[in-house]
Amino acid sequence: MSAAEAWRLSAASLADGVRAGSIGYQEAIESGWEGPAARWEPDVHAVVHADPEVRRRGAAGSNGGPLAGVPVLVKDNLCTMDYPTTCGSRILGGYRPPYDATVVARLREAGAVITGKGNMDEFAMGSSTEYSCYGPTRNPYDLERVPGGSSGGPAAAVAYGLCPIGLGSDTGGSVRQPAAFCGVFGLKPTYGRLSRYGLVAFGSSLDQVGIFARHAGDVALAYAALAGPDPFDATTRLGPAPGVSDWDRGVRGLTFGWPANLWKEGVDPEVVGALEQAAACLERCGARRSPLDFLPGEYAVATYYLVATAEASSNLARFDGVRYGFRHPESDDVRALYTRTRSAGFGPEVQRRILLGTYALSAGYYDAYYLTAQRARTRIRREYEAAFARCDFMLMPAAPSLPFRLGEKTDDPLEMYLSDIFTLGANLAGIPGLTVPLDLSAAGLPRAVQLLGPEDSEPLLLGAARVIEVRGEETRLGRDHLTEFAWPTKR
Ligand code: GLN
């Protein structure tokens, strides 16, 4: 098989081909680079570190595991020994970690090869990948629009065909929102199912590594290889992760929540149309719709931006010019070294978050802000529990709009924060969420929906995602990976 065919394959088919010997490891790893990347990468700018020599060594050391010969782009906040890890920030310029993140190590054990590092908003703070020190990533479906964020690089790369699987991180939606904007699947697992060891911390109680893929089955394949306890991360859940081998199980007999009060206003009609279409697919395959009223997302936005900034202000204290990466050259004493390094090393959004978080945690305001946010978080968690007592999973928008234009929200932080209104709740509650791409709007932009379920409901969410993937045709449930993917055309 030639690279010209191989780059279009799902990860499952590619690994099958590699194991059967119909395609070599090296050809499989290079297929995306020889195929679509030459055309797309100069404009899209999804990748920030790549090295053909590292890929060649990776291919030579690969094995016949479940991800044999599968190239994977990982977000630049996941530690890799063979590439720099810089979180899209000047302050980590040139930093090379001495170890691999657990999820990276598990990818390698399964036979995958890291094809490069994906662009991101600095320290994963943002919703558009415009706050990267390397410059923005663009949406492959419309180069004037953003790919979403903060994991915009891996999302865009999977969409245009560089690799069938990408890894991002999701603290408040950074996998699910870019997945929706780029028209691919994006899973944020249950908190503690994927190890955070080697994921540079942003909001530790919210962060989860997430998976991008073009097929529901590939999400399951990657989840199976990555999920499970890790002795290096004390917050991973004990006991084995739920099995996802029956990801094509369908939805017969299940009930899905339909919180229509959430999209009464402020949501693009294209998004509402996508929700109706997805609901119809689920109903055709035997699921029942249960209308319910749900807590408006504004509460989640307020709560999240206190908890996440508080945790970030503490997590980012370690970047002081002494231990990692960049150090300001003109500092006479240690205080000036810290101040100058951090002022020049962090971009404006990261500085804004550190200030907000430090303020919320300060002695005089701790009770009014941080503690109140923790109480609100408990309320939000209970709200989800109450909803899942009435339904098996919920259908939600992944974002209130289709991809917006570059520059549209960078001058108004609050507007940017509001684009996460439908994703933040899952991180506050620790539950899994999965973005499912549906089709393209009349203007050629991806439309998607989000599925949310209780803890450890990944198998169920994948079953529902497959039903939407095959457009509610029960006869097409099953394991073929021939489902057509809507490849972007250049505009
Ligand atoms: N966009 C949200 C933020 O800026 C979420 C980011 C994320 O999930 N990493 O904080």
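What counts as what
Within each chain, residue numbers correspond to sequence positions counted from 1 in written order. In keeping with the model being predicted, local features are shown solely for residues with a pLDDT of at least 70 and side-chain atom pairs are shown and tallied solely at 80 or more, while totals for entire chains, interfaces and linings include all residues. Each helix corresponds to a stretch of at least 4 residues labelled H or I by DSSP, and each strand to a stretch of at least 2 residues labelled E; elements are numbered beginning at the N terminus. This radius of gyration counts C-alpha atoms alone. The globule rule is 2.2 Å times how many residues there are, raised to the power 0.38. By the convention adopted here, residues make contact when the C-beta atoms placed from their backbones lie within 7 Å. UniProt positions are given in the numbering used here, feature names are shortened, and annotations may be inferred rather than shown by experiment. The criterion for a residue being near a molecule or strand is simple: its C-beta atom, placed using the backbone, must lie within 6 Å of it. Each residue receives one of three labels: charged for Asp, Glu, Lys and Arg, nonpolar for Ala, Val, Leu, Ile, Met, Phe, Trp, Tyr, Cys and Pro, and polar for the others, Gly being one of them. Here the C-beta atoms are placed from the backbone, and a residue counts as buried if at least 20 other C-beta atoms lie within 10 Å of its own, exposed if 12 or fewer do, and partly exposed otherwise. What makes two strands pair is DSSP finding at least two bridges between them. In this analysis an axis means a line fitted to C-alpha atoms, helices contributing only their contacting stretch, and an angle means the value between N-to-C directions, from 0 to 180 degrees. Handedness of a crossover is defined as follows: with both strands directed away from the viewer, a clockwise route from the first strand across the helix to the second makes it right-handed. Those domain boundaries reflect an automatic or database domain assignment. Roughly parallel here means an angle under 35 degrees, roughly antiparallel means over 145, roughly perpendicular means 65 to 115, and every remaining angle is called oblique. Should the near helix be turned anticlockwise from the far one by less than a right angle, the crossing is termed left-handed; should it be turned clockwise, right-handed.

Before going further, it helps to spend a moment on the overall build of the chain. Looking only at helices and strands, the chain features 17 helices and 11 strands. Compactness check: the chain gives a C-alpha radius of gyration of 21 Å against a globular reference of 23 Å for 491 residues, within 12% of the reference. Along the first, second and third principal axes, the C-alpha set of the chain runs to 70 × 55 × 45 Å. By sequence separation, contacts in the chain at least 24 residues apart represent 77% of the contacts at least 6 residues apart.

This part covers the UniProt feature "domain: Amidase" (unreviewed entry) in the chain. UniProt annotation of "domain: Amidase" (unreviewed entry) refers to residues 55-462 when read in the numbering used here. For residues 55-462, helix accounts for 35% and strand for 13%, while the C-alpha atoms at its two ends are 31 Å apart.

With that settled, the discussion passes to the site of the ligand. Every one of the 14 residues lining the ligand counts as a neighbour, but Ala124, Ser127, Thr171, Gly172 and Ser174 are closest to it. A class-by-class count of the residues in the shell around the ligand yields 4 nonpolar, 8 polar and 2 charged.

The next subject is helix α3 (residues 25-34). Extensive coverage of α3 is indicated by the burial of 7 of its 10 residues. Among all positions of α3, only Tyr25, Ala28, Ile29, Glu30, Ser31, Gly32 and Trp33 are buried.

UniProt's feature table lists "active site" (unreviewed entry) at Lys75, Ser150 and Ser174, given in the numbering used throughout. A compact arrangement is adopted by the annotated residues: their sequence extent is 100 residues, whereas the largest C-alpha distance between any two is 10.8 Å. Given 31 C-beta atoms within a 10 Å radius, Lys75 is considered buried. Setting aside residues no more than four positions away along its own chain, Lys75 makes contact with Gly118, Met120, Ser151, Gly153, Pro154, Leu167, Gly168 and Ser169. In this structure, Ser150 sits in the loop between β3 (113-118) and α7 (152-160).

Moving on, we get to the sheet that holds strand β9 (residues 393-396). Backbone hydrogen bonds hold the strands of a sheet together, and the pairing may be parallel or antiparallel. Across the sheet, which stays open at both edges, the 11 strands sit in the order β1-β3-β2-β4-β6-β5-β10-β11-β9-β7-β8 with mixed pairing between neighbours. Since the sheet does not close on itself, it has two edges, and those belong to β1 (47-49) and β8 (288-291), each with one partner. Strand after strand, the sheet turns through a mean of 30 degrees between neighbouring axes, direction not considered. Sheet topology note: the strand β10 (residues 433-440)/strand β11 (residues 446-452) ladder contains 7 bridges and is antiparallel. Directly across from Val436, in β11, lies its bridge partner Val449. Against the sheet, helix α9 (residues 216-226) makes contact with β4 (165-170), β5 (185-188) and β6 (208-213), and its axis sits at roughly 145 degrees relative to β6, the strand it touches most.

This part covers α9. For α9, the buried fraction is high: 10 of the 11 residues fall into the buried class. Listed as buried for α9 are Ala216, Gly217, Asp218, Val219, Ala220, Leu221, Ala222, Tyr223, Ala225 and Leu226. Contacts from the buried residues of α9 go to α2 (11-20), α6 (102-109), β4, β5, β6 and α17 (458-469). A positive backbone phi angle near 135 degrees is found at Gly228, which sits one or two residues after α9.

Okay, the pairing of β3 next. A large share of β3 lies buried, amounting to 6 of its 6 residues. Inspection of the sheet shows β1 paired to β3 by 2 bridges, in the antiparallel sense. From the neighbouring strand, Val47 faces β3, where its bridge partner is Gly118. Where strand β2 (residues 71-75) lies against β3, 5 bridges are found, and the strand directions are parallel. Bridging across to β3, Lys75 finds its partner in Gly118. Between β2 and its parallel partner β3, the chain crosses via α6, and the hand of that crossover is right-handed.

Quick look at the domain arrangement of the chain now. On domain assignment, one finds that the chain holds domain 1 (3-295 + 395-476) and domain 2 (297-377). The C-alpha-based centres of domain 1 and domain 2 are spaced at 27 Å. Between domain 1 and domain 2, the contact holds 31 residues from the first and 25 residues from the second. Of all the secondary structure elements, the ones that give two or more residues to the side of domain 1 that touches domain 2 are α15 (413-418) and α16 (424-429). Residues belonging to the side of domain 1 that touches domain 2 are distributed by class as follows: 19 nonpolar, 10 polar and 2 charged.

As a packed pair, α3 and helix α5 (residues 52-60) sit with axes 8 Å apart at the nearest point and diverge in direction by 140 degrees. Here α3 lies oblique to α5, going by the angle between them. α3 and α5 meet at a crossing whose hand is right-handed. Mapping the contact onto sequence places Tyr25, Gln26, Ile29 and Glu30 in α3 and Arg55, Arg56, Gly58 and Ala59 in α5.

Moving on to the environment of Thr115. Here Thr115 lies in strand β3. Residues Thr115 and Ala59, 56 residues apart in the sequence, show an inter-C-alpha distance of 9.9 Å. Setting aside residues no more than four positions away along its own chain, Thr115 makes contact with Ile29, Gly32, Arg55, Pro71, Val72, Leu73, Leu162 and Cys163.

Another aspect to go through is unusual backbone geometry. With omega at 10 degrees, the peptide bond leading from Gly149 into Ser150 counts as cis. If you check the backbone angles, His45 has positive phi at about 60 degrees while not being a glycine. For His45, the location among the structural elements is in the loop between α4 (37-44) and β1. At Asp456, a position not held by glycine, the phi torsion is positive, near 65 degrees. Take Asp456: it is sitting in the loop between β11 and α17. Residue Asp456 is classed as partly exposed on the basis of its C-beta count, with 18 C-beta atoms lying within 10 Å.

By the alternation rule, side chains of β9 split into Phe393 and Leu395 and Met394 and Met396, which are all buried. By the bridge criterion, 3 bridges tie β9 to β11 in an arrangement that is antiparallel. The partner of Met394 across the bridge, within β11, is Leu452.

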